[in-house]
Amino acid sequence: GSISLTDGGDDAIDFSGTFTHEGSLTIQDFTDNGVQPSGGTLLVGSSATITVDNVDRGLTGLLLVNNGTIKIETTNSDAINTGGDCSNSGEITLSGVGSDGIDLESGSTFTNTGIIRILDANSQALEGGLFDQAASGALFIAGEITSVVQLAGGSELHPGSSPGCV
């Protein structure tokens, strides 16, 4: 099914444990965070979509396992702020980010076998931790990287505007 959450003052979704999402979720116009678990894991199914727009932080303090489609637009702070190891085999698009695109917790790893587009971030596109991209992964990125980045042979890296410094 579909869920739309709009115009809120606190976090749109706050949970503990594991939240499995298999449908369509839209979060828009929240003064705090889109999704903020208390030490939880967000599992996004292969046919699921999450759209987050006009929030403080998009997805924060979580373990993310994405097999679907996540689109985060217009945040005041980080689009994705991890609470540990995360993975993506789906598609993630970040734009209009007020701070970091993906802010990895120190010592954590973000494994990408899908497609990630970080179109613009006012601070770092990738910050902290280890970004590990498999041969099947593609990273389209505009912005500074302070994460350690491992790119497997055959994976795709598409730096932003000229000169495309990465």
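What you are looking at is a predicted structure, and each value in this text was computed from that prediction instead of being measured. As a convention, each chain's residues are numbered from 1 in the sequence order in which they are written. Thresholds applied to this predicted model are a pLDDT of at least 70 for local features of residues and 80 or more for the giving and counting of side-chain atom pairs; totals over whole chains, interfaces and linings are not thresholded and use all residues. Hydrogens and water molecules were not included; the side-chain quantities draw on all heavy atoms of the structure.

A. Up close: the pattern of salt bridges. For this document, the term salt bridge refers to a Lys or Arg side-chain nitrogen within 4 Å of an Asp or Glu carboxyl oxygen. Scanning all chains against the criterion turns up three salt bridges. Notably, a salt bridge pairs R57 with D78, separated by 3.8 Å at the nearest N-O pair. One end of the pair, R57, is in the loop between β5 (49–55) and β6 (59–66); the other, D78, is in the loop between β7 (69–75) and β8 (80–82), with 21 residues separating them in the sequence. Each residue is assigned to one of three classes by its accessible area relative to the maximum for its type, calculated with a 1.4 Å probe on protein chains only: buried under 20%, partly exposed between the two thresholds, exposed over 50%. In this structure R57 comes out as partly exposed when scored by relative accessible area, which is 28%. Numbering of helices and strands runs from the N terminus, with a helix taken as a DSSP run of H or I at least four residues long and a strand as a DSSP run of E at least two residues long.

B. Molecular detail of the environment of G1. With respect to the element layout, G1 can be found in the segment before β1 (2–8). Take G1: its relative accessible area is 94%, and that puts it in the exposed class. A C-alpha to C-alpha distance of 25 Å links G1 and I116, two positions 115 residues apart in sequence. What G1 contacts, discounting residues up to four positions off in sequence, is G23 and S24. Whether two residues are in contact is decided by their heavy atoms, any of which lying within 4.5 Å being enough.

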